Amino acid sequence: MPSITPSEQDLLALMGSGVTLDAIRAEAGFSATQFDAWWHQQIQSRLPHLTGSATCEVETGVEILRDKWGIPHIFAASEHDLFFGYGYVMSQDRLWQLDYFRRQAQGRLSEVMGPEVRPRATGDAITPLQRDTIARTIGFRRIARSNLKKLPEETLKRLQSFSDGINAARVAFGDRLPIEFSLLGYEPEKWIPLDSLCIWVEFQYYLTVRLPVIVLPEIARRTLGEGPLYEAFLTVEASDESILPPGSYAAERSGAERPGDVVGDPDGPAGSNNWVVAGRRSASGTPLLASDPHIAFNAVSCWYEAHLSGAGFNLAGAGYIGVPGVIFGRNERVAWGITNNICSQRDLYQEKTDSAHPDQFLYDGTWEQSRVTVERIAIKNGEPIDLQVRFSRNGPIVDDILPPLGRGTGPVSLRWIGATFCDEVTSLLAANRATTCDEFREAMRGWHAPTLSWVFADADDHIAYQCVGHIPVRENWNRGYRRGWDPEDQWTDLIPFDGMPTLSDPPEGWIRTANNRPAPDDYPYPLSGTWATGYRARRIRDVLEEKTVLTRDDCAQLQMDTYSHRAEEVIPPLLELLGTAEDSEVREALEVLRTWNRRMDPSEPGAAIFEIFFANWEQAVSRQRFQGEAIAPMAGALAGLSVQLLAEDRSGWFSDADRDESAAATLKDTL
């Protein structure tokens with residue numbers, strides 16, 4: 001294939017800079033049909049070669065077969081060749097995504113995209129410079145470099161083989177790299193093991209830190225004060241729906257002050273699910289396992305499906321882009337799946353300073369000197385930016401990356417488990433070769449972050465659950481900021497692996513998790529969670545208990561289930577609250593809700609009315625106690641209270657307004 005001519009590259013560069021297609025067509029003298037043909041040729045000429053053979057530096061050879069979905073099946077006799085092949089196919093399919101994720105983790109997006117570019121459809125989307133600021137402030141690359149020095153030799157070799165495969169496929173593209181590189185006018189650098197670890201650290205941060213979950217309760221406490229209104233703000237839906245059933249553990253206190261309560265997650269309804277059913281409950285007589293790990297929708301997905309066979313591995317499933325290993329899938333003997341259990345692995349600390357002690361933070365009566373690093377961020381077509389990152393004893397000062405409502409509350413530092421040594425790649429690859437549930441659980445012993453709920457099953461008809469990840473023990477549990485200057489607010493210990501929630505072959509014959517709380521209040525360790533609503537977990541439990549025997553089709557239908565437990569709980573008190581409404585349109589809507597089957601199907605008018613009403617109701621509830629820019633983000637954290645307020649107002653939240661009138665007005669506005 002001939003190289004791109006300068007004029008072609010000029011056109012691609014114009015597209016990458018955001019010039020409209022009309023202007024580009026005029027510049028090239030193309031009609032719309034001619035442009036479409038040219039663009040199609042550009043795309044087609046950059047597709048990887050999926051047939052034939054390639055000369056690469058492998059030991060004995062790699063065979064790669066693609067099935068009808070394009071999923072690669074990789075066969076090799078040695079570990080080097082197997083992981084080389086894994087990196088090769090991932091690079092063939094996702095080279096641009098690999099580079100994007102690497103740059104996102106290293107804080108280097110602005111140098112190829114510019115600092116302020118935003119998707120046109122989402123004007124409030126985070127900019128490349130904001131992403132770079134997060135990466136440099138937390139120090140994803142700094143953390144990954146430290147971890148790399150401590151990895152076992154076997155893991156380093158696997159990472160290097162994986163990197164070699166990525167690089168070999170990149171070379172095979174020649175000068176016809178994926179179109180994004182030409183649009184932005186640069187070429188990807190050589191891949192190294194550090195890049196995979198950087199991506200993993202950023203993924204750990206994404207799953208575990210979630211700053212709004214701390215900032216919103218802190219702002220609410222400052223606004224509402226301590227007392228019944230603040231307690232009402234913390235109300236969570238279906239908080240009693242735990243993974244471990246009561247009585248399935250020894251309820252003896254560890255000496256810590258209290259278990260961590262549920263704290264509402266604004267993104268809770270959009271979370272993950274998994275479950276496993278024992279062979280005695282399965283039509284096949286062997287376990288059934290389903291894993292449905294939701295990550296925010298992207299094109300393309302962050303998950304990468306593959307089948308790896310050879311050198312002691314024979315497994316299929318999906319891994320995280322840029323990282324070797326299968327995070328949910330199966331081998332010949334064991335199947336496994338994940339959800340995020342969202343036990344707290346981080347805290348924000350309010351730091352104390354004053355003008356008499358510049359660049360110092362108070363701790364236990366003594367002023368301690370802060371540490372400062374300077375991160376230089378390269379800017380495309382612009383001058384570099386020097387970002388100063390300050391550190392207290394607790395971690396980096398994160399004022400610049402807090403949610404907007406948290407700006408001005410600093411100085412605030414972040415303490416995070418992910419900043420300590422973590423080696424999940426070794427644990428994951430050991431788990432990928434497990435032959436029993438016991439072996440799989442033991443492989444997870446070295447998993448530090450993120451906290452995950454694994455369900456797994458083996459060919460001997462054992463099923464199990466294990467909560468993994470280092471969870472700090474806090475003597476004083478608190479929803480918002482902790483006191484950086486007070487030793488009593490420091491972490492006192494970590495929950496040991498053998499003290500984490502776990503289940504094996506429960507009498508019910510099933511286990512399920514859905515980002516809900518791992519254990520009830522009397523669990524012996526403080527799990528300190530920010531768990532989501534328990535409605536999804538309740539629905540899975542209901543379905544698994546409905547039938548004596550389940551099939552694979554039953555599991556598939558459950559993954560697509562649309563029944564809303566929130567609607568089931570909300571509609572009866574709403575009907576009672578507004579049952580005497582005089583407005584004919586409101587009465588008609590209430591009748592639609594009364595007869596609705598509570599399923600969120602596209603053909604259901606009741607689903608549309610309910611969802612929009614509830615979103616508006618959360619806003620109405622928020623406006624009772626918050627103002628201005630605080631209303632919208634606080635509304636997202638008020639789902640539990642919004643449900644409760646339709647039945648009763650225990651805290652006097654609507655003290656200056658009529659709750660009935662507000663609900664009626666909200667429904668009227670919805671319609």
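Residue indices follow the written sequence of each chain, beginning from 1 at its first position. Selection of residues for local features in this predicted model requires a pLDDT of at least 70, selection of side-chain atom pairs for listing and counting requires 80 or more, and totals for whole chains, interfaces and linings are taken over all residues. Based on all heavy atoms of the structure, the side-chain values leave hydrogens and waters out of the count.

1. Points about the overall build of the protein
And then number 1: Strands are runs of DSSP state E lasting at least two residues, helices are runs of H or I lasting at least four, and both sets are numbered from the N terminus onward. Along the protein, the regular secondary structure elements total 22 helices and 22 strands.
And then number 2: For 671 residues, the compact-globule estimate of 2.2 N^0.38 gives 26 Å, and the C-alpha radius of gyration of the protein, at 27 Å, lies within 12% of that figure.
And then number 3: Burial status across the protein gives 55% buried among its 671 residues.
And then number 4: Residues are treated as being in contact if the distance between any of their heavy atoms lies within 4.5 Å. Counting contacts in the protein only where the partners sit at least 6 residues apart, residues at least 24 apart contribute 69% of the total.
And then number 5: Computed with the Shrake-Rupley method and a 1.4 Å probe, the accessible areas treat only the protein chains shown as cover for residues. Surface accessibility of the protein: about 29,100 Å² in total, with carbon and sulfur atoms responsible for 50%.
And then number 6: Between the averaged position of the 65 positive side-chain charges in the protein and that of its 95 negative side-chain charges there is a distance of 2 Å. What the globule rule says is 2.2 Å times the number of residues to the power 0.38, and the radius of gyration is computed from C-alpha atoms. Buried, partly exposed and exposed residues are distinguished by accessible area as a fraction of the type maximum, computed with a 1.4 Å probe on protein chains only: under 20%, between the cut-offs, and over 50%, respectively. Charged residues are defined narrowly, with Lys and Arg counted positive, Asp and Glu counted negative, and His plus the chain ends left uncounted. To locate a charge, the coordinates of NZ of Lys, CZ of Arg, CG of Asp or CD of Glu are taken.

2. Here we look at helix α7 (residues 140-148)
And then number 1: Among the residues of α7, Phe140, Ile143, Ala144 and Asn147 are the ones counted as buried. Along the axis of α7, the buried residues cluster in a sector spanning 100°; they form a single face.
And then number 2: Elements in contact with the buried residues of α7: α4 (79-106), α6 (128-138), α10 (193-208) and β15 (412-416). To be clear, the arc concerns the directions from the helix axis to the C-beta atoms.

3. Some points on the packing of helix α19 (residues 605-623) against helix α21 (residues 639-647)
And then number 1: With their axes 9 Å apart at the nearest point, α19 and α21 run at an angle of 95° to one another. Classified by the angle their axes make, α19 and α21 are roughly perpendicular. For the pair α19 and α21, contact is made by Phe613, Phe614, Trp617, Glu618 and Val621 and by Ala639, Leu641, Ser642, Val643, Leu645 and Leu646, respectively.
And then number 2: Ten residues, namely Ala, Val, Leu, Ile, Met, Phe, Trp, Tyr, Cys and Pro, are considered nonpolar, four, namely Asp, Glu, Lys and Arg, are considered charged, and the remaining ones, Gly among them, are considered polar. Its residues placed into classes, the contact of α19 with α21 shows nine nonpolar, one polar and one charged. As a rule, the C-alpha atoms of each element are fitted with a line to give its axis, helices using only the stretch in contact, and angles between N-to-C directions run from 0 to 180 degrees. Working definition: roughly parallel below 35 degrees, roughly antiparallel above 145 degrees, roughly perpendicular at 65 to 115 degrees, and oblique for all remaining angles.

4. Focus: the packing of aromatic side chains
And then number 1: Between rings of Phe, Tyr and Trp, where Trp is taken as its six-membered ring, a pair exists when centres lie within 6.5 Å; planes separated by under 30 degrees are stacked, by over 60 edge-to-face, and by other angles tilted. Taken as a whole and judged by the stated rule, the model has 31 aromatic pairs.
And then number 2: Aromatic pair Trp447 and Trp454: ring centres 5.5 Å apart, planes at 85°, arrangement edge-to-face. Take Trp447 and Trp454: they sit in the same class, and that class is buried.
And then number 3: The criterion for a charge sitting over a ring is simple: Lys NZ or Arg CZ within 6 Å of the ring centre, and within 35 degrees of the ring normal. We note Lys352 situated over the ring of Trp485; from NZ or CZ to the ring centre the distance is 4.2 Å.
And then number 4: The ring of Trp653 carries the charged tip of Arg625 above its face, separated from the ring centre by 5.9 Å.

5. Re the environment of Thr366
And then number 1: Inspection of the secondary structure assignment puts Thr366 in strand β11 (residues 366-369).
And then number 2: Residue Thr366 is classed as partly exposed on the basis of its relative accessible area, which comes to 46%.
And then number 3: For the pair Thr366 and Tyr205, spaced 161 residues apart in sequence, the C-alpha to C-alpha distance is 31 Å.

6. Describing the side chain of Arg512
And then number 1: Inspection of the secondary structure assignment puts Arg512 in strand β22 (residues 510-513).
And then number 2: On the accessibility criterion, Arg512 (2% relative accessible area) is buried.
And then number 3: We call two N or O atoms a polar contact when they sit within 3.5 Å, provided that within protein one can donate a hydrogen and the other can accept it, with sequence-adjacent residues counted only if both atoms are side-chain atoms. Side chain to side chain, Arg512 and Glu241 meet in a polar contact 2.6 Å long.
And then number 4: For Arg512, the side chain forms a polar contact with the main-chain oxygen of Ser242, separated by 3.3 Å.

7. A short note on the sheet that holds strand β3 (residues 273-277)
And then number 1: One open sheet accounts for three strands, arranged β4-β3-β22; its pairing is antiparallel. In this open sheet, the two strands that pair with only one neighbour each are β4 (288-292) and β22. Looking at each pair of strands side by side, their axes are set apart by 5° on average, direction ignored.
And then number 2: Contacts between helix α15 (residues 535-546) and the sheet are confined to β3 and β22, with β22 contributing the most and set at about 160° to the helix.
And then number 3: With respect to the sheet, helix α16 (residues 552-559) is in contact with β3 and β4, its orientation differing from that of β4 by roughly 20°. Pairs of strands are assigned from DSSP output, requiring at least two bridges between the strands.

8. Digging into the side chain of His448
And then number 1: Within the secondary structure layout, His448 lies in the loop between α14 (437-443) and β16 (452-458).
And then number 2: Looking at His448, its side chain comes within polar contact range of the main-chain oxygen of Phe421, at 2.9 Å.

9. Considerations on the confidence of the model for the protein
And then number 1: What pLDDT conveys is the predictor's confidence in a given residue, as a value from 0 to 100. Mean pLDDT over the protein: 92, with 95% of residues reaching 70 or higher.
And then number 2: Every residue in residues 1-6 is under pLDDT 50, and counting partners more than four places away or in other chains gives 13 contacts.
And then number 3: Overall, residues 254-266 carries pLDDT values under 50, and its contacts beyond four positions in sequence, including any with other chains, amount to 51 contacts.

10. Comments concerning the sheet that holds strand β13 (residues 385-392)
Strands belonging to one sheet form pairs held by backbone hydrogen bonds; the direction of such a pair is parallel or antiparallel.
And then number 1: Spatial strand order, β12-β13-β14: three strands in an open sheet with antiparallel pairing. Among the strands making up the open sheet, the edge pair consists of β12 (371-377) and β14 (395-396).
And then number 2: Bridge count between β12 and β13: seven bridges; the pairing is antiparallel. The residue of β13 that forms the bridge with Glu375 is Leu387.
And then number 3: Helix-sheet contacts for α6 involve β12, β13 and β14, and the interaxial angle to β13 is about 40°.

11. Comments concerning the nonpolar core
And then number 1: By size, the foremost hydrophobic cluster in this structure holds 121 residues, and its most contacted members are Tyr205, Phe233, Leu348, Trp454, Trp617 and Trp653.
And then number 2: The biggest single contributor to this core is α10, with nine residues.
And then number 3: Not counting residues up to four positions away in its chain, the partners in contact with Trp617 are Ser642, Leu645, Leu646, Phe654, Arg659, Ser662, Ala663 and Thr666.
And then number 4: Residues belong to a common nonpolar core when they are buried Ala, Val, Leu, Ile, Met, Phe, Trp, Tyr or Cys residues joined through side-chain atoms within 4.5 Å. Counting residues in hydrophobic clusters, the runner-up holds 22 residues, among them Ile243, Tyr249, Ile342 and Tyr465.

12. Focus on a positive patch on the surface
And then number 1: Among the surface-exposed residues, Arg141, Arg145, Lys149 and Lys150 lie close enough to one another that they form a single positively charged patch.
And then number 2: For Arg141, a relative accessible area of 34% translates into the label partly exposed. Only residues whose relative accessible area exceeds 30% and that form no salt bridge are eligible for patches; like-charged ones are grouped when within 9 Å, while nonpolar side chains (Val, Leu, Ile, Met, Phe, Trp, Tyr) are grouped when within 5 Å. One speaks of a salt bridge when a side-chain nitrogen belonging to Lys or Arg is within 4 Å of a carboxyl oxygen belonging to Asp or Glu.

13. So, the packing of α19 against helix α22 (residues 659-670)
And then number 1: Between α19 and α22, the least distance of the axes is 9 Å, while the angle of their chain directions is 130°. The orientation of α19 with respect to α22, classified from their angle, is oblique. Two packed elements cross with a definite hand, and for α19 against α22 that hand is right-handed. Of the residues in α22, those touching α19 at Ile609, Ile612, Phe613, Asn616, Trp617 and Ala620 are Arg659, Ser662, Ala663, Thr666, Leu667 and Thr670.
And then number 2: In the contact of α19 with α22, the residues fall into seven nonpolar, four polar and one charged. Handedness of each helix crossing follows the sense of rotation of the near helix against the far helix: counterclockwise by less than a right angle gives left-handed, clockwise gives right-handed.

14. Some remarks on the pattern of salt bridges
And then number 1: Enumeration according to the criterion identifies 40 salt bridges in this entry.
And then number 2: Taking the shortest distance from any N to any O, the salt bridge between Glu241 and Arg538 comes out at 3.5 Å. Of this pair, Glu241 sits in the loop between α12 (228-233) and β3 while Arg538 sits in helix α15, and the two are 297 residues apart along the sequence.
And then number 3: For Glu241, a relative accessible area of 6% puts it in the buried group.
And then number 4: With a closest N to O distance of 2.9 Å, Asp521 and Arg517 form a salt bridge.
And then number 5: Residue classification places Arg517 among the buried residues on the basis of a relative accessible area of 8%.
And then number 6: Here the salt bridges do not stand alone but share partners, grouping Asp99, Arg102, Arg103, Arg108, Glu111, Glu189 and Asp195 into one network.

15. Considerations on the environment of Ser31
And then number 1: Considering the arrangement of structural elements, one finds Ser31 in the loop between α2 (21-28) and α3 (32-44).
And then number 2: Given the relative accessible area of 33%, Ser31 is considered partly exposed.
And then number 3: Each C-alpha atom of the pair Ser31 and Ala290 lies 50 Å from the other, and the pair is 259 residues apart in sequence.

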